[in-house]
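# Notes for the structure review
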Amino acid sequence: MAMEAPLKVALGTVAFVVFWILAVFPAVPCLPIGRTAGSLLGALLMVIFRVISPEEAYNAIDLPILGLLFGTMVVSVFLEKADMFKYLGHLLSWKSRGGKDLLLRICLVSAIASALFTNDTCCVVLTEFILNIARKNNLPPKPFLLALASSSNIGSAATPIGNPQNLVIALQSGMSFVEFLSGIGVAMLVGILVNAAILLCYFWRLLSAEKDEDVGSAAAAAAEVDVNLHRFSPATMSHLNSKNSQAQSSISGAANLRCRTSSADGGVTDSAMAPNPSRDGICVSGDDGASTTTKRENEHEDCAESTGWRTRLWKTCVYLVTVGMLISLLLGLNMSWTAITAALALVVLDFKDALPCLEKRSLLLQISYSLLIFFSGMFITVTGFNKTGIPSALWEFVEPYAQIDTVGGVALLSLVILLLSNVASNVPTVLLLGARVAASAAMVSLAEEMRAWLILAWVSTVAGNLSLLGSAANLIVCEQARKAKSFGYNLSFLGHLVFGIPSTLIVTAIGLVFVRS
């Protein structure tokens, strides 16, 4: 692509730099407006500076990506309401045999869960639970927090729905869910094992020095605490949860209320509304009073059991819809519409006004409309920057040395992706490099083109483990751990970097061997 006029190149570069600064440093003192507003500002400047026209800006917004992102967020919210992540927490604690065993479980469970439910979601819901286990068993939290953040990033590389950059790659390349999974799945599993081995090498002595005994019972107790911490507020929920004492009392209270108000239909009235023998001067035999009380208690129990049965049925439907979505993705159906269909099916099954669920924040998950807006602005900004011709000129300089049919070319390309992902963030890197890398590889063969997309997905995702600022999942773990009540832990930038650099380089290099088109 030829370079645009010098003035347009300069203005387009200014707009992109504004976007980049606010995306990487959202609280910059001179303009602390955040990532979302920064993305819109960059897009607006591209249009005002006439780098792109308003029509080109609208066309730059990739609706299939936004639809897929929205659908997966809605499904994740309903899965949290159905206690899916509570069960993942119990899986971590089930018959655990010490710190090393727990570390391996966290690596495996968080990786698989991230591949299916996105890495950010898993980090949000599992951080405090892991801190609970560490505190209950006098274990150092740092190894487990690093295991959660790094394994979530690695695991999310395996599927198109694992993270945002994979969504972009899958839809731009036209790869199906199965092609994506088969291309990176083995690399992901090997990467998780290698990452776990590095963690054990780093912290073996630290974990061995602690009380290394069966942590199952204490972890189970931590799970119960975590369940209470990770609950929707009553105003946000449209279904009642079970499996814990707080929820059971809520169900019982709701059931009692329904039973009390059903007296007009021949039901049982509340004791406060029923005749009181001592108050009204009515003489009731002991047998009649006991019979009435027993009948009332039985009907209240029936109402509570009915409510519990409905809740279990609703949870089962949520899981079935989610499994159906995953099967549809494996069958190669349109990913965006599959996710949106699953989301709308869950909204219908909820059988309530969807507005509270879609608008209000929960304690854990939410429909992040700000993220959708950020993506829209980023699409426009990156399209404008591409139109200046600067990315094409830079790629033409690197392209002869970054061919993926040679080992040296793959190494250089991976290094460029790794550095850009940490400087400009992984999604902008994919948008800037994706089409160019794929076009260069397509000159060799179609299989090499698919492999180029997969290499981009693998390296840009694992690159998030390099530093604390490399991915949103790292920041989520850090902030969740720091803000945890009564047992907070500060995961420092340097503490992460000492592990992140060798882990990222080793896992990336070994995983590249197993990436196949």
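Residues numbered from 1 in each chain as written. Predicted model: local features only at pLDDT ≥ 70, side-chain atom pairs only at ≥ 80, totals over all residues. Heavy atoms only, no water.

## Describing the overall build of the protein
Rules: Numbering of helices and strands runs from the N terminus, with a helix taken as a DSSP run of H or I at least four residues long and a strand as a DSSP run of E at least two residues long. Categorising residues by exposure relies on relative accessible area from a 1.4 Å probe, with only protein chains included: less than 20% of the type maximum marks a residue as buried, more than 50% marks it as exposed, and the intermediate range marks it as partly exposed. When checking whether two residues touch, look at their non-hydrogen atoms; a contact exists if any pair is within 4.5 Å. Note on areas: these come from Shrake-Rupley sampling with a 1.4 Å probe, and a residue is covered only by the protein chains present in the view.
In terms of helices and strands, the protein carries 23 helices and zero strands. In the protein, buried positions account for 52% of the 517 residues. Contacts in the protein between residues far apart in sequence, at least 24 positions, make up 78% of those at least 6 positions apart. A total of about 23100 Å² of accessible surface is found on the protein, and carbon and sulfur atoms cover 66% of it.

## Overview of the packing of helix H7 (residues 119-136) against helix H8 (residues 141-156)
The following threshold applies: Helix axes use the C-alpha atoms of the stretch in contact, all axes being lines fitted to C-alpha atoms, and the angles between their N-to-C directions lie in the range 0 to 180 degrees. Angles are sorted into four bins: roughly parallel if under 35 degrees, roughly antiparallel if over 145, roughly perpendicular if 65 to 115, and oblique for all others. Working rule for handedness: look at the near helix, and if it is turned counterclockwise from the far one by less than a right angle, call the crossing left-handed; if clockwise, right-handed.
Between H7 and H8, whose axes approach to 10 Å, the crossing angle comes to 160°. When the axis of H7 is compared with that of H8, the two are roughly antiparallel. Seen from above, H7 lies across H8 with right-handed handedness. Where H7 abuts H8, its residues Asn-119, Cys-122, Cys-123, Leu-126, Thr-127, Ile-130, Leu-131 and Ala-134 lie against Pro-141, Phe-144, Leu-145, Leu-148, Ala-149, Ser-152, Asn-153 and Ser-156.

## Focus: the packing of helix H18 (residues 390-398) against helix H20 (residues 426-442)
Stated precisely, the cut-off is as follows: Side-chain classes follow a simple rule in which Ala, Val, Leu, Ile, Met, Phe, Trp, Tyr, Cys and Pro form the nonpolar group, Asp, Glu, Lys and Arg form the charged group, and the remainder, Gly included, forms the polar group.
Direction vectors running N to C along H18 and H20 enclose 40°, while the axes themselves pass 11 Å from each other. In terms of orientation, H18 lies oblique with respect to H20. Crossing geometry of H18 relative to H20 is assigned as right-handed. Where H18 abuts H20, its residues Pro-391, Ser-392 and Trp-395 lie against Leu-432, Leu-433, Arg-436, Val-437 and Ser-440. When its residues are assigned to classes, the contact of H18 with H20 shows five nonpolar, two polar and one charged.

## Some thoughts on the packing of aromatic side chains
What counts is decided by this rule: Working definition: rings of Phe, Tyr and Trp (its six-membered ring) pair if their centres are within 6.5 Å, and the pair is stacked with planes under 30 degrees apart, edge-to-face with planes over 60 apart, and tilted otherwise. The criterion is that NZ of a Lys, or CZ of an Arg, lies within 6 Å of the ring centre and within 35 degrees of the ring normal, and then a charge sits over that ring.
Applying the stated rule across the entire model yields nine aromatic pairs. Site record: aromatic cluster; members linked through ring pairs are Phe-16, Phe-19, Phe-374, Phe-375, Phe-379 and Phe-385. Just above the ring of Trp-204 sits the side chain of Lys-100; from NZ or CZ to the centre is 4.8 Å.

## Concerning unusual backbone geometry
Positive phi, normally seen in glycine, also occurs at Arg-50, with a value near 60°. Here Arg-50 is to be found in the loop between helix H2 (34-48) and helix H3 (54-60). Judged by its relative accessible area of 68%, Arg-50 falls in the exposed class. Positive phi is not limited to glycine here, since Phe-351 has a value of about 60°. Within the secondary structure layout, Phe-351 lies in the loop between helix H15 (335-350) and helix H16 (355-359). Exposure remark for Phe-351: the relative accessible area of 74% places this residue in the exposed category.

## Some points on the UniProt feature "transmembrane region" (unreviewed entry) in the protein
Formally: UniProt positions are given in the numbering used here, feature names are shortened, and annotations may be inferred rather than shown by experiment.
As annotated in UniProt, the feature "transmembrane region" (unreviewed entry) corresponds to residues 36-53, 60-79, 181-204, 318-347, 367-385, 406-424, 454-473 and 493-515 in the numbering used here. End-to-end, the C-alpha atoms of residues 36-53 are 21 Å apart, and along that stretch the chain is 72% helix and 0% strand. Along residues 406-424 one finds 89% helix and 0% strand; the C-alpha atoms at either end are 26 Å apart.

## Quick notes on a nonpolar patch on the surface
The test is simple: Patch membership requires over 30% relative accessible area and the absence of a salt bridge. Like charges are linked within 9 Å, and nonpolar side chains (Val, Leu, Ile, Met, Phe, Trp, Tyr) within 5 Å. Here, a salt bridge means any side-chain nitrogen of Lys or Arg that lies within 4 Å of a carboxyl oxygen of Asp or Glu.
Judged by side-chain polarity, Val-186, Ile-501, Leu-505, Ile-506, Ile-510, Val-513 and Phe-514 come together as a nonpolar surface patch covering roughly 540 Å² of accessible area. Sorting elements by how many residues they give to the nonpolar patch places helix H23 (residues 493-514) first, with six residues. Examined against the element boundaries, Phe-514 turns out to sit in helix H23.

## A short note on the side chain of Thr-159
Among the secondary structure elements, Thr-159 is positioned in the loop between H8 and helix H9 (164-173). A relative accessible area of 2% places Thr-159 in the buried class. Excluding residues that lie within four positions of it along the chain, Thr-159 makes contacts with Ala-115, Asn-166, Phe-177, Phe-180 and Leu-181.

## Some thoughts on the nonpolar core
Rules: Put simply, a nonpolar core is a bunch of buried Ala, Val, Leu, Ile, Met, Phe, Trp, Tyr and Cys residues held in one set by side-chain atoms that sit within 4.5 Å of each other.
Grouped together as the largest cluster of nonpolar side chains are 134 residues, with contacts concentrated most on Phe-144, Phe-375 and Trp-458. Of the residues forming this core, the biggest block, 13 residues, is contributed by helix H10 (residues 177-209).

## Notes on the pattern of salt bridges
As enumerated under the stated definition, the model contains five salt bridges in all. Between Lys-81 and Asp-350 there is a salt bridge, with the nearest N and O atoms lying 3.7 Å from each other. A residue pair is termed long-range when its members are at least 10 positions apart, and Lys-81 in helix H4 (residues 63-81) and Asp-350 in helix H15 qualify at 269 residues. Each member of the pair Lys-81 and Asp-350 is classed as buried. Across the pair Asp-101 and Arg-105 runs a salt bridge, and its minimum N-O distance is 3.3 Å. Highlighted residues: Asp-101 and Arg-105, both in helix H6 (residues 99-117), separated by four residues, approximately one helical turn. Looking at Arg-105, the relative accessible area reads 19%, which means it is buried.

## Overview of the confidence of the model for the protein
Let me state the cut-off plainly: Confidence of the predictor at the level of single residues is given by pLDDT, which spans 0 to 100.
Of all residues in the protein, 78% attain a pLDDT of 70 or more, and the chain-wide mean is 79. Within the model, the stretch residues 210-286 combines pLDDT values under 50 with 129 contacts to residues more than four positions away or in other chains.

## Here we look at the state of the cysteines
The cut-off we apply is this: Two cysteine sulfurs form what is called a disulfide whenever their separation falls within 2.5 Å.
Under the definition given, this model contains zero disulfides. Left without a disulfide partner, Cys-123 is nearest to the cysteine sulfur of Cys-122, which lies 7.0 Å away.

## Focus: H6
Each α-helix winds once per 3.6 residues, and so residues spaced three or four apart point in a common direction. What counts here: Residue count minus one, scaled by 1.5 Å, sets the expected span of a helix.
With 19 residues, H6 extends 26 Å from end C-alpha to end C-alpha; this agrees with the ideal 27 Å at 1.5 Å per step. After H6 finishes, the residue Thr-118 shows a positive phi value of roughly 75°.

## Quick notes on H8
Between its first and last C-alpha atoms H8 spans 23 Å; for 16 residues at 1.5 Å apiece the expected length is 22 Å, and the two agree. Across the 16 residues of H8, 15 count as buried, placing the element largely inside the fold.

## Side note on the environment of Leu-41
Note on placement: Leu-41 falls in helix H2. Residue classification places Leu-41 among the partly exposed residues on the basis of a relative accessible area of 26%. It is 7.9 Å that separates the C-alpha atoms of Leu-41 and Val-18, two residues lying 23 residues apart in sequence. Leaving out residues up to four positions away in the same chain, Leu-41 has contacts with Val-18, Leu-22, Leu-31 and Ile-33.

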